[in-house]
Amino acid sequence: MTVEWLILIPLIGGVLAWIGGRRSSLLPRLISVASLGAGLAMTASLWNASPPVAGRTAGQAWIAEFNTSWIPQLGIGFHLGLDGLSLLLVLLTFFLGIVGVLCSWNEIKERTGFFHLNLMLVLTGIVGVFLSLDLFLFYFFWELMLVPMYFLISIWGHEKRAYASVKFFIFTQLSGILMLLGILGLYFIHGRSTGIYTFDYTQLLGTRLTPGQSLWLMLGFAAAFAVKLPAVPFHSWLPDAHSEAPTAGSLILAGLLLKTGAYGFIRFLVPLFPDAVESVRLIGMVLSAAGILYGAALAFSQEDLKRLIAYTSISHMGFVMLGIFAWNELSLQGAVIQMVCHGFSTGALFVLAGILQARLHTREMSAMGGLWAVTPRMAGMGLFFGLASLGLPGLGNFIGEFLVLLGSYRVSGLVTAAAATGLIASALYSLRLMQRVFHGPKRDDLTMADIAVRETTILAVMAAVIVVIGLYPGPVLETSKPAVEGLIQKGNPSLTPPGRGPGAVKPGGESSGEMLR
Amino acid sequence: MTDLLWLIPFMPIAGFTVLVLAGSRLPRSVTGTIGTGTVGLSAVVSMLLAAGFGVKGDGYVVTQTLWQWLSVGDFSPRFSLYLDALSLVMVLVITCVGFLIHLYSIGFMKNEEGYSRFFAYMNLFVGSMLVLVLADNLVSLYLGWEGVGLCSYLLIGFWYRDSANGYAARKAFVITRVGDTALAVGLFLLFTNLGTLQIQELMQRAQAEWPAGSKIAVIAAALLLAGAIGKSAQLPLQTWLPDAMAGPTPVSALIHAATMVTAGVYLIARTHVLFTLAPPVQSAIAIIGAATLLLAGLSAFVQRDIKRVLAYSTISQIGYMFLALGVGAWSAALFHFMTHAFFKALLFLGAGAVILAMDHEHDIFKMGGLRSRMPVTFWTFLIGVASLSALPFVTSGFYSKDLILKLAWSSERGSVWLWAAGVAGAFITSLYAFRLLFVVFFGDRLTRAKSDPGISMTAPLVVLAALSVAAGLAALPEPASGRQAIQQFLSGVLPAAHIRDERTPELFLLLIASCASIGGMLAAWLLYVLFPRYAEGLVQTRAGRSVHRLLFTGWGFDRIYDRLFAGPFLWLTRINRDDFIDLVYEGAAWYSGVFHHLLGLTQTGKVRWYAFGIGLGAIITIGIAVFL
Amino acid sequence: MTTNDFYALSPLLAVGAAALAVMIGISVKRSMTATAGLTVAGLFVSFAMLFPAASIAPRIVTPLLVIDGYALFYMGLVLAGTLTVVLLSLEYLRDRGAHPEEYYILLLLAAFGSMTLVASRHFGSLFLGLEILSVSLYGLIAYVRGNEKGIEAGIKYLVLAAVSAAFLVFGMALVYTATGSLEFSRIGAGATPTDPLFLAGAAMIIVGMGFKLAVVPFHLWTPDVYEGAPAPVTAFIATVSKGAVFALLLRLAGPFHILDHPTLFTVFSVIAVGSIFAGNLLALSQGNIKRILAYSSIAHLGYLLVAFLAGGVKGATAATYYLSAYFVTTLGAFGVISLRSGRDREREYIHDYRGLAWRRPWLAGVFTAMLLSLAGIPLTAGFIGKFYAISAGVGSSLWFQVVSVAIGSAIGLFYYLRVISVMYAQPERHSGGRQAVARAISFGGGMILALLTLGLILLGVWPSPLIGLITRAVSGMN
């Protein structure tokens, strides 16, 4: 059993679920949960079996690898690799996939087989993106996840689903083709200079590029990743897609799809074009800070609950992007934690929004209010995830944001200070959400059941993960550490500034002896 | 025994966890017991540890590492606890006062829904504050720091059905978060430049690497100060505190006396080395403190809401502590923090009893003559007022305030002006404090009030009253050094203030301060007991009215902020609700549609036109091929 | 003519013989089944003869024709396309009144013309092939006599094709004047790059071929003819007819040094970019699926031209792969339309497809796959095709053209998704009457669609065998 099964399992599971959907509507759910659970278990066992961190040197961080030829004439291989970074994201994918199936248990009543086929195909594509080490393969999976996602939105979505799904598709497709141009440019430049025409990531890594080439190719890649992430000003597909998608769709969009953009930045953009990234890093950081604040400001003014949550994603992913452009161990590890925790916290908020919509048949916050009295359990969960999303210390998101800011401060104090004001902005929107939905006077006509055992369990598990990461992120950080260190080496050395100022040389008291290398 | 240190923050947090998970299913008595008991146990543990201090002396430090929080590169904060004299004082006050407030709450909240929620939040509040003061690195401190902010939000908005409460709660959280963000940036700066966030080590390195008055030290100190200002409700971030009265009264007592607002004072005292490296910032602290104590005192004087009076009073009293910190009188600030904790908790709990007795009436002018019906409340409240007013010799507030005033005069960083502001503040304090007392408890009995509350509520009042008096003992001179006991106790952590001039006219200062306190009391007596008409008349004049309005609204800060920040922000977000950037993409789509229709015009279906198209195309093609 | 020459020509001869046989057969007895069977058999024989022919390729047979690997590959493509059209036509014609037999003669002749085109190395054979193709098409387009739109389309095609053929012939004459030869290989040697006479001639030839390819600005006829012609014929026009002409264009590119003439290069660039934008924009809010496919084909030819402009073996390989993928995709798309056609009219409007996915999941699935392939989405042949074309463009640094492809694809996505989303929309409640008219798809039709879909996916995930074949064919081009 190797890494390719991580892709095959959801694929096969999806097809089986589809077939099973002809017999009953329960079968697809069970098959999906079972196969995702198998994927989760397999990833976890890979995690468990992976050699300890000390045994792996930076740069050779692959826990598992798979490589076979695919289209030899063009130098295309089926090359997969799993390192700590992809491992975490694959774990997240399977976990949120299960959550997605569970939370749509009652929501999706029609064509469950086809629904689960699409759901599983999206997950297949996402896992593929996280594992691909061949640029063509990467692009293949990158595009592959669009179609099933499109179906999820356009078939099971809400009122404006047609508009939202097409917008989503066109944005990502156009930017994806720009990335393809970048990939091909790199392919030919590498081929001409070395005579080896290949799409293999590991071989393309050291390609010599002139500054002009590097910049343009980098922009091609950046287009795709910036749209997916999304970075302001390429974000406007997101609120529509997120708010119109069914719950599982929103969950996967926010929890996973956005991460593929961030993953692309980390895995491909910076290592492939270190010099170009170095030259635009400040622009990138400013854009990230702008995204943090702009997303938050828009989130603050929304009336539609899901739209609000969608805009918070833009803000949160701004932190991820900031961490990536700051490109040092602190900020990158922060970005990784932020990616994982954002998956949980925002995913859970979407689950809550889905539950509310299923019961109230509206997403307008003006129709809500005072729900604490009606559904205290749900309100408590809402409070928890709202607090996670405003970066409360002790919860995972805080670790992410703090590390990102701490790392980016080394690069630019001013941008970091500006980004840090996002902490204020996140308080504004999170608390407004609480106020509009759960606090305030209770409307007399509002009656509904509190969340049931299934829903409570899902949310409680997600909450527990956030708390654990918040208080003891060690396992996560150690998993991604070799990968991150290896990646940092691939970046431009001038990207990573020295750790600290004048005091760096002399270690302090015994308490900090180990922390200073 | 020192191994028990972790229990101090753990107990309340455990209580919180139990109450959150199972609270709604527990009977009220169990809930109350858990909530109060956990804090009580923490208090017991802290007293046990305090006993150790008594034996070992001032430089005694207890540390305990719980676990490595995270470790990334050279950044590896741990969860570890650090108890020295400074944190011990804080811990004792927090746990003891916290315990009394919890005890009081059992009675106060007995008819409220959300009983377990209340105790859960209160426990978390105390727990966060304990984490804050016991943290040995700034990240853990920040954890507690934000934790108290969160709890204040939760508790201020405890009665969530009233949107106004929700507004006040959010205001408190957001405004303090402005400070918190500055603090966070300060942390980034410190770590980037000094490579650690362990407080002790940080202080050593700062001292070793940064010359006094260096730019970076000033920036770092200023950022930490901004954080402290936000939490401690000092100018210009004080506006959240008066509104924070929306929460149940025990919450106010907890925020004002034992937790939250004193966090800023603690932070500055804890990182005082940094501030001594940044003289301009330290001066700023003193000036902010002086200005705050005057402005807030004047505002307190005109409030009608009993809790608002006390809220402004808190701002003003914290101003005294800032003044002390600003002149380098670190231990004086801590001393005043301690006495203030006792008498302010007492005053709030007393006010709570009054409010309960008046069926949730807050307006003091609708009260009156409560003296006879509520004797316990009255007498304890009197002690609290006296202590707040720093009436000479019998109250602890007198000693702590006197120490501050003395050092404001004589310290190297002090000045006559700072002293004068302090004295003026003392007069104002006394004036508004006794106004409150006279209006509420004296005069005609205007309404039918209930009598004193039950024992669970009066007992804390009595204990706190006793502490308000007894805390003065800490001012007794230590025979060995001649310094006051509290100064001596803290001397291992907080250095003594540098005295500018040894020949301080101590007696003279004492006299003036005492006169200010007593004068204020007498003035209140005149205005509110003997000639109440006169005070009313004064307000009725035109000048009086506008001054009154200015003071009543807390010097108009809220309006300025509304105009300057909140208004424009709301306006911008509202007009941009649909995201103007989307217009670009919508525009692209629209243009595609336009082109579609324009091109569609060529599809006429007529053969002659199509043939013409071929001809035209041929001309163009040949044109390009041959002539270009 | 030696035996080997006969062997080399045997695929062509087989098709021609089949046409004759069908003609004779009809005069003896009208039988739809027999005619179709004969046609299919002829096509199969011809296809089979490709292999012996391949064993002696390349071979120049008379100055007119060359049978090389390239020609044989395209002949195979033409034969496969024609065969599919024949099979799709069976049911379509059965529903549409009397005398469907001559249809097959026309179809075989059109295939014959196309095969001549792909093998020609001389203006004479070029013109012959083109005219055989065109004349057959006039008949085919207007074949259903009861259909006014069809007759109108046939006349339009007749008139306009004549106009463009005039340009073509005049262009040949000019080139002959300039170079003194009608043979492609000699033209290259005789041409001086800046000779205005030569350039004008080349430009006119471009006009003639541009009409057949339906590229901007010679595209105006396309939607009307696509709409009016019977769906299987439309499929033929879209695939075989265009494919053959494009194959010829690729063959011409070498001797004419098209890509080395800056002005001719500019002409093709303008045509390519213009086609991409005009085609995609025109399709945006079309309500008629046949018209949508017409406009989309204009855009696709634009993409193909980008690969063509890339030049060299790489460009030719990319273009050929793209065309093969396009054959499969387009035949599949029109196949769905053909097979869904009712006795009364074709199901060509978008609203005819509303909720199809829930009534006919397989059919809708096939159509979805075809549309996604047209949009260039992974797992389909179109994805690899588009990837290959863009790759060729990038390889020759045609950034401007390639970015146009990118933007065009994004616009194109809109209308493909529009059709798809209609298919997956909730079916209308009160459409019972219309549903009743739609028939079940026959087993044969279903098989064709299944095979096409299978091919589509196979080419999308395992393209290397075909790429290998094409590379060999293209490298051997004379």
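Q: I'm lost on the overall build of chain B in this one. Help?
A: The helix and strand tally for chain B stands at 26 helices and two strands. As displayed, chain B has an accessible area near 22800 Å², and 68% of this comes from carbon and sulfur atoms. Of the side chains in chain B, 41 bear a positive and 32 a negative charge, and the two mean positions are spaced by 8 Å.

Q: What is the right way to look at the environment of Gln238 of chain B in this model?
A: All names here are of chain B. Structurally, Gln238 is set in the loop between helix H8 (215-232) and helix H9 (240-243). Taking the C-alpha atoms as reference points, Gln238 and Thr176, separated by 62 residues in sequence, lie 8.9 Å from one another. Contacts of Gln238, omitting those with residues within four sequence positions, involve Ala233, Ile315 and Phe557.

Q: Please clarify how the packing of helix H4 (residues 115-134) of chain B against helix H5 (residues 138-156) of chain B should be interpreted in this entry.
A: Residues and elements named next belong to chain B. Following both chains from N to C, one finds H4 and H5 inclined at 155°, their axes separated by 7 Å at the closest point. Taken together, the axes of H4 and H5 lie roughly antiparallel to each other. Read as a crossing pair, H4 and H5 show a hand that is left-handed. Contact residues: H4 offers Phe118, Tyr121, Met122, Leu124, Phe125, Ser128, Met129, Val131 and Leu132, while H5 offers Ser140, Leu141, Leu143, Gly144, Trp145, Gly147, Val148, Leu150, Cys151, Ser152, Leu154 and Leu155. Tallied by class, the residues present in the contact of H4 with H5 amount to 16 nonpolar, five polar and no charged.

Q: Looking at this model, I keep getting lost on the environment of Ala389 of chain C. Mind explaining?
A: Residues and elements named next belong to chain C. Of note, Ala389 is situated in helix H16 (residues 381-395). Residue classification places Ala389 among the buried residues on the basis of a relative accessible area of 4%. When the C-alpha atoms of Ala389 and Ala318 are compared, they prove to be 5.2 Å apart, with 71 residues separating the residues in sequence. When neighbours within four sequence positions are excluded, Ala389 is seen to be in contact with Tyr303, Ala307, Ala318 and Tyr322.

Q: It is not clear to me how the interface of chain B and chain A should be interpreted in this structure. Could you clarify?
A: Note: interface size is frequently given as the accessible area lost on complex formation between the parts. On the chain A side, the residues contacting the 57 residues of chain B number 72 residues. Where chain B meets chain A, there are three salt bridges. Linking Asp74 of chain B and Arg410 of chain A is a salt bridge whose minimum nitrogen-to-oxygen distance equals 3.4 Å. Sorting the residues of the side of chain B that touches chain A by element identifies strand S1 (62-68), strand S2 (78-83), H4, H5, helix H6 (163-194), helix H7 (199-209), helix H24 (557-575) and helix H25 (580-600) of chain B as the ones contributing at least two each. When residues of the side of chain B that touches chain A are assigned to their parent elements, the largest contribution, 16 residues, is made by H6 of chain B. In the side of chain B that touches chain A, the residues fall into 28 nonpolar, 14 polar and 15 charged.

Q: I'm lost on H5 of chain B in this one. Help?
A: Given 3.6 residues to a turn, an α-helix orients residues that are three or four positions apart in the same direction. Residues and elements named next belong to chain B. Across its 19 residues, H5 extends 26 Å between first and last C-alpha, which sits within 8% of the 27 Å expected from 1.5 Å per residue. Among the 19 residues in H5, 19 count as buried, and that is most of the element. The distance from a side-chain oxygen at the start of H5 to the backbone nitrogen of Val139 is 3.0 Å, and the residue carrying that oxygen is Asn137.

Q: Sorry, what's going on with a nonpolar patch on the surface here?
A: On the surface, a cluster of nonpolar side chains totalling about 810 Å² of accessible area is made up of Trp5, Leu8, Leu11, Ile12, Val15, Leu16, Trp18 and Ile19 of chain A together with Trp362 of chain C. With eight residues, helix H1 (residues 4-20) of chain A is the single largest residue contributor to the nonpolar patch. Here Ile19 of chain A is to be found in helix H1.

Q: Mind showing me how you'd approach the pairing of strand S2 (residues 76-82) of chain A here?
A: Within a regular strand, side chains alternate between the sheet's two faces. Residue and element names in this part refer to chain A. By the criterion of burial, S2 is predominantly enclosed, with six of the seven residues buried. Relative to S2, strand S1 (residues 64-71) is paired through seven bridges, and the arrangement is antiparallel. When the sheet's bridge partners are listed, Glu65 is paired in S2 with Gly81.

Q: Where do I start with the pattern of salt bridges in this structure?
A: For side chains of opposite charge, pairing can occur when their charged atoms come near one another. All names here are of chain C. According to the stated counting rule, one finds 36 salt bridges over all chains in the structure shown. Here Arg30 and Glu101 are joined by a salt bridge, their closest N and O atoms 2.5 Å apart. A residue pair is termed long-range when its members are at least 10 positions apart, and Arg30 in the loop between helix H1 (3-28) and helix H2 (32-56) and Glu101 in the loop between helix H3 (69-94) and helix H4 (102-119) qualify at 71 residues. Relative accessible area serves as the criterion here: at 34%, Arg30 is assigned to the partly exposed category. When salt bridges that share partners are traced, they join Lys149, Glu152, Lys156, Asp224, Glu227, Arg291 and Glu348 into one network.

Q: Would you mind showing me how to read a positive patch on the surface here?
A: Together, Arg542, Arg545, Arg549, Arg559 and Arg563 of chain B make up a region of like positive charge exposed at the surface. Among the elements that line the positive patch, the one with the most residues is helix H23 (residues 542-552) of chain B, at three residues.

Q: Mind showing me how you'd approach the packing of aromatic side chains here?
A: Centre distance and the angle of the planes are the two values used to describe a pair of aromatic rings. As enumerated under the stated definition, the model contains 90 aromatic pairs over all chains in all. Centre to centre, the rings of Trp70 of chain A and Phe78 of chain A are 5.9 Å apart; their planes meet at 75°, and the pair counts as edge-to-face. The ring of Trp358 of chain C has Arg111 of chain A sitting right over it, with the charged end atom 3.5 Å from the ring centre. Positioned above the aromatic ring of Phe300 of chain A is the side chain of Arg432 of chain A, whose terminal nitrogen or guanidinium carbon lies 5.4 Å from the ring centre.

Q: What should I look at first to understand the interface of chain B and chain C in this one?
A: If you look at the interface, chain B gives 24 residues, while chain C gives 35 residues. Here chain B meets chain C over a buried area of about 2300 Å², counting both sides, of which 80% is carbon and sulfur. Broken down residue by residue, the surface that chain B buries against chain C is led by His596, Gln603 and Ile614 of chain B, which jointly contribute 27%. Seen at the junction of chain B and chain C, the total is zero salt bridges. Here chain B is connected to chain C by six residue pairs in polar contact (both at pLDDT 80 or more). Looking at the side of chain B that touches chain C, the elements that each hand over two or more residues are H25 and helix H26 (607-627) of chain B.

Q: Looking at this structure, I do not really get the confidence of the model for chain A. What am I missing?
A: In this model, chain A carries a mean pLDDT of 85, and residues with pLDDT of at least 70 account for 92%. Low confidence marks residues 499-517 of chain A, where pLDDT is under 50. Its contacts with residues over four positions away, or in another chain, come to 39 contacts.

Q: Looking at this structure, how should I read the nonpolar core?
A: Nonpolar side chains in soluble globular proteins tend to end up buried together. Residues Phe385 of chain A together with Phe246 of chain C are the most contacted members of the largest nonpolar core, which totals 632 residues. If one sorts the elements of this core by residue count, helix H15 (residues 330-357) of chain B sits on top with 20 residues. Leave out the neighbours within four places in its chain, and Phe246 of chain C touches Leu213, Leu301, Leu304, Leu305, Phe308, Ala319 and Leu323 of chain C.

Q: Can you help me understand unusual backbone geometry in this one?
A: Only a minority of non-glycine residues have a phi that is not negative, and only a minority of peptide bonds are not trans. Cis geometry is found at the peptide bond from Leu229 of chain A to Pro230 of chain A, where omega equals -5°. For the bond from Val216 of chain C to Pro217 of chain C, the omega torsion is 5°, close enough to zero to count as cis. Here Pro217 of chain C shows up in the loop between helix H8 (196-213) and helix H9 (221-228). Phi angles above zero are rare outside glycine, and Asp579 of chain B is one such case at about 65°. Relative to the helices and strands, Asp579 of chain B is located in the loop between H24 and H25. Its identity is not glycine, yet Leu379 of chain C carries a phi of approximately 80°, on the positive side. Within the element layout of this structure, Leu379 of chain C appears in the loop between helix H15 (361-375) and H16. Classification of Leu379 of chain C as partly exposed rests on a relative accessible area of 35%.

What counts and how
Residues numbered from 1 in each chain as written. Chains lettered and ligands numbered in written order. Predicted model: local features only at pLDDT ≥ 70, side-chain atom pairs only at ≥ 80, totals over all residues. Heavy atoms only, no water. Helix = DSSP H or I, 4+ residues; strand = E, 2+ residues; numbered from the N terminus. Areas by Shrake-Rupley, 256 points an atom, 1.4 Å probe, with all protein chains shown as cover. Lys, Arg positive; Asp, Glu negative; His and termini not counted. Charge placed at Lys NZ, Arg CZ, Asp CG, Glu CD. Contact = heavy atoms within 4.5 Å. Axes fitted to C-alpha atoms, helices over the stretch in contact; angles between N-to-C directions. Parallel < 35°, antiparallel > 145°, perpendicular 65-115°, else oblique. Left-handed = near helix turned anticlockwise from the far one by under 90°. Nonpolar A, V, L, I, M, F, W, Y, C, P; charged D, E, K, R; others polar. Buried < 20%, exposed > 50% of the residue type's maximum accessible area, 1.4 Å probe, protein only. Salt bridge = Lys/Arg side-chain N within 4 Å of Asp/Glu carboxyl O. Expected span 1.5 Å × (residues − 1). Polar contact = N/O pair within 3.5 Å; in protein donor to acceptor, adjacent residues only side chain to side chain. Patch = residues over 30% accessible without salt bridge, like charges linked within 9 Å, V, L, I, M, F, W, Y side chains within 5 Å. Pairing = 2+ DSSP bridges. Phe/Tyr/Trp six-rings, centres within 6.5 Å; stacked < 30°, edge-to-face > 60°. Lys NZ or Arg CZ within 6 Å of the ring centre and 35° of its normal. Buried area = accessible area lost by both parts, 1.4 Å probe. pLDDT = per-residue confidence, 0-100. Core = buried A, V, L, I, M, F, W, Y, C linked by side-chain atoms within 4.5 Å.

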